[in-house]
Amino acid sequence: MSATELVRTARMKRDSGIGKQVRKVLAVVALPIVLIVTWWFSSAGSQNFFFPPLEQIVTAFQPTWFTGAIETEVLPSVWRLLGGYLVAGVIGIGLGALLGSSPVLRAFTEPALEFLRAIPPTVMIPILILFLGIGAEMRVVVIAIGALWPILLNTIEGVRAIDEVLRDTARVYRLTPMMRFSTLILRGASPQIVTGARQGLSVAIILMVISEMFAAQDGIGFTIIRFQKSYAMPEMWSGILLLGVLGIVLSLIFKLFESISLKWYFGLRQSQRGGN
Amino acid sequence: MTISDSVSVQSPDVLLQVRGLRKTYEVRNDPIEAIRRLTFDIHAGDLVCIVGPSGAGKTTLLRSLAGLLTPSGGSAKLDGEEIVEPPKGMAVVFQEYARSLFPWLTIAQNVALPLKAQGVDRATRAEKTAKALEAVGLADVAKRYPWQLSGGMQQRVALARAVAYEPRILLMDEPFAAVDAQTRADLEDLVRNLWHRLGLTVLFVTHDIDESIYLGQRVLVLSNRPTEILDDIAINLPDERDQLTTRNEPEFARLRAEVYERVQQAKAGRRPGDAA
Ligand SMILES: Nc1ncnc2c1ncn2[C@@H]1O[C@H](COP(=O)(O)OP(=O)(O)O)[C@@H](O)[C@H]1O
Ligand SMILES: [Mg+2]
């Protein structure tokens, strides 16, 4: 083992030390705690009908959501979100791999893609209602269309950026088409695919809520609007809180997936920064 | 020495046959003639070095032989078969060896990948991988990632991958140009050693005259661009080579002077037709 390697190993050890971990966690949770505490005390005793005290919102949370609404409102939302996101992921990565690999195909499709991308997915809702009705399919499709673009465009960029020498290596050693897709294209573009997937997830969450504000029968967005229309302010705010929590949970799951699938990428970048 | 282009009958043990190979890069308005005309044979079991100044077209030649580049004319045949795509049984160690390793695969996975593509079963794959890593002295880093290794170690991984593949011919493109002198000497000995033990056929490209003489049984001297063969020199050094004694032999000095003169003439723009 060379000296530089030993130094690198030592550095890695120090980075994963307990003290460092604690400091990292503190850095992440400090600001949210300050904000929540500020909200709690500044809203305490609030007489403003539209901005009830945080205490009231928290009190409303349990009866509003944990007495059946999880199954009837939250889960349908989450399933549509995941369904649309999955469709966007499969199409975005599949099509992105294809377009990223072929300059001809890319030149051919670029104008159409630019045009389609410029259309906000929400304006598709009235049109989709005509074709798909007002059921779950329409909402899933809206989510899929919105999440598709960041995933597709980032995948194309990622595939294009795959090292030429690596491509040549794959050809020289005659990797099968399946291996070329999984080991070269998919893994090689994974840093950009993950970036696109992260952006796609935020878009998907937004569209999940918005799609439920049109002619819906259930869902978190639908429920929030229902509370708003019936002036049930603490309940409405508790719905917004729930959306925030859902967003955090999903992004934590995403981070976990990212840290596992891109472990090599972070290691590679660190070794490049450290010099060889 | 020249071989007439019209000779197309090949002696039984000719593995690689190159006839009148040409390559002109079609850059808009300004075609770059990299290879003017190359004709040579490599016999099975040979270790041939190709030496030529930077920019002579050595990489262009190697990429053409590897089936990664379509020549503008002439032919290259491996075992009598025209090379139009990367042929079976050919391994390449690229000049940019670090970029030729898959950063998301461990060392062992990198070495095993070509075997997997050939449909070699898991147990055999593991066995061949372990043996190849053993042969290059890297058995203890099998589970590491390429970016955790030094440049010289990465080069040995690229070599192990090529060796594990059990190629009929191994092409190497200035493989040791970027490693330090001591590592370089070790790697040169490693190549000689592997060539001996495994009965490989090796085509080794370098711009380093000493390296070409130390390694080769035969050295092809290339002119500068557009490249042609200036000379084909047999290296009559003892088969057992040693960094110290071999490099100090009078015959080594004589050969170095001979090749050096050729390369100097090449740099000065001498063409094969010119009087010496
Ligand atoms: N893809 C390319 N397009 C145009 N010119 C190229 C290309 N690759 C190499 N060349 C040119 O061809 C010549 C030979 O290059 P190369 O084969 O890399 O030389 P060497 O490996 O001997 O240093 C150089 O002048 C280089 O600029
Ligand atoms: Mg080169």
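- Chain B carries the name ABC transporter ATP-binding protein in an unreviewed UniProt entry, which gives Cryobacterium flavum as its organism.

- Chain A appears in an unreviewed UniProt entry as ABC-type nitrate/sulfonate/bicarbonate transport system, permease component from Cryobacterium flavum.
- Note on chain A: under the UniProt heading Subcellular location (unreviewed entry), the record states "Cell membrane".
- As stated in UniProt under Sequence similarities (unreviewed entry), the record for chain A gives "Belongs to the binding-protein-dependent transport system permease family."

### Overview of the UniProt feature "domain: ABC transmembrane type-1" (unreviewed entry) in chain A
Piece 1. Per the UniProt entry, the sites bearing "domain: ABC transmembrane type-1" (unreviewed entry) are residues 74-258 of chain A in this numbering.
Piece 2. The span residues 74-258 of chain A is 85% helix and 0% strand, and its two end C-alpha atoms sit 25 Å from each other.

### Observations regarding the site of ligand 1
All names here are of chain B.
Piece 1. By nearness alone, 13 residues border ligand 1, and Gly55, Gly57, Lys58, Thr59 and Thr60 come closest of all.
Piece 2. Note that an oxygen atom of ligand 1 is positioned 3.2 Å from one of the backbone N or O atoms of Ala56.
Piece 3. A distance of 2.7 Å separates an oxygen atom of ligand 1 from a polar atom in the side chain of Thr59.
Piece 4. In isolation ligand 1 exposes 560 Å². Once the protein is present, 63% of that is buried.
Piece 5. Elements supplying a minimum of two residues to the shell around ligand 1: strand S2 (32-43) and helix H1 (58-65).
Piece 6. Of all the elements, H1 adds the most residues to the shell around ligand 1, at 3 residues.
Piece 7. Of the residues that constitute the shell around ligand 1, the class distribution is 6 nonpolar, 5 polar and 2 charged.

### Details of the pairing of strand S6 (residues 90-93) of chain B
Residue and element names in this part refer to chain B.
Piece 1. Covered by surrounding structure in S6 are Met90 and Val92 together with Ala91 and Val93, the residues of both alternating faces.
Piece 2. Here S6 runs beside strand S7 (residues 169-173); their pairing, made up of 4 bridges, is parallel. Bridging from a neighbouring strand, Ala91 pairs with Leu170 of S7.

### Quick look at the UniProt feature "domain: ABC transporter" (unreviewed entry) in chain B
Piece 1. Mapped onto this numbering, the UniProt entry gives "domain: ABC transporter" (unreviewed entry) at residues 16-249 of chain B.
Piece 2. Segment residues 16-249 of chain B splits into 33% helix and 26% strand. End C-alpha atoms: 31 Å apart.

### Description of the coordination of the magnesium ion (ligand 2)
Residue and element names in this part refer to chain B.
Piece 1. At 2.0 to 2.6 Å from the magnesium ion (ligand 2) lie its protein donor atoms, namely Thr59 (OG1) and Gln95 (OE1). Of this pair, Thr59 sits in helix H1 while Gln95 sits in the loop between S6 and helix H2 (107-117), and the two are 36 residues apart along the sequence.
Piece 2. Residue class for Thr59 comes out partly exposed when judged on its relative accessible area of 29%.

### Some thoughts on the sheet that holds S2(B)
Residues and elements named next belong to chain B.
Piece 1. Taken in spatial order, the 10 strands make up an open sheet running S5-S4-S1-S2-S10-S9-S3-S8-S7-S6, and their pairing is mixed. The open sheet has two free edges, formed respectively by strand S5 (81-82) and S6, since each of these has just one partner strand.
Piece 2. Summarising the sheet, strand S4 (residues 73-78) and S5 pair through 2 bridges and their orientation is antiparallel. Paired with Lys77 across the bridge in S5 is Glu82.

Each value, and the rule that gives it
- Residues numbered from 1 in each chain as written.
- Chains lettered and ligands numbered in written order.
- Predicted model: local features only at pLDDT ≥ 70, side-chain atom pairs only at ≥ 80, totals over all residues.
- Heavy atoms only, no water.
- UniProt positions renumbered as here; feature names shortened; annotations may be inferred.
- Helix = DSSP H or I, 4+ residues; strand = E, 2+ residues; numbered from the N terminus.
- Near = heavy atom within 4 Å.
- Polar contact = N/O pair within 3.5 Å; in protein donor to acceptor, adjacent residues only side chain to side chain.
- Areas by Shrake-Rupley, 256 points an atom, 1.4 Å probe, with all protein chains shown as cover.
- Nonpolar A, V, L, I, M, F, W, Y, C, P; charged D, E, K, R; others polar.
- Buried < 20%, exposed > 50% of the residue type's maximum accessible area, 1.4 Å probe, protein only.
- Pairing = 2+ DSSP bridges.
- Donors = N, O, S within 2.8 Å, 3.2 Å for Na, K, Ca; no water.

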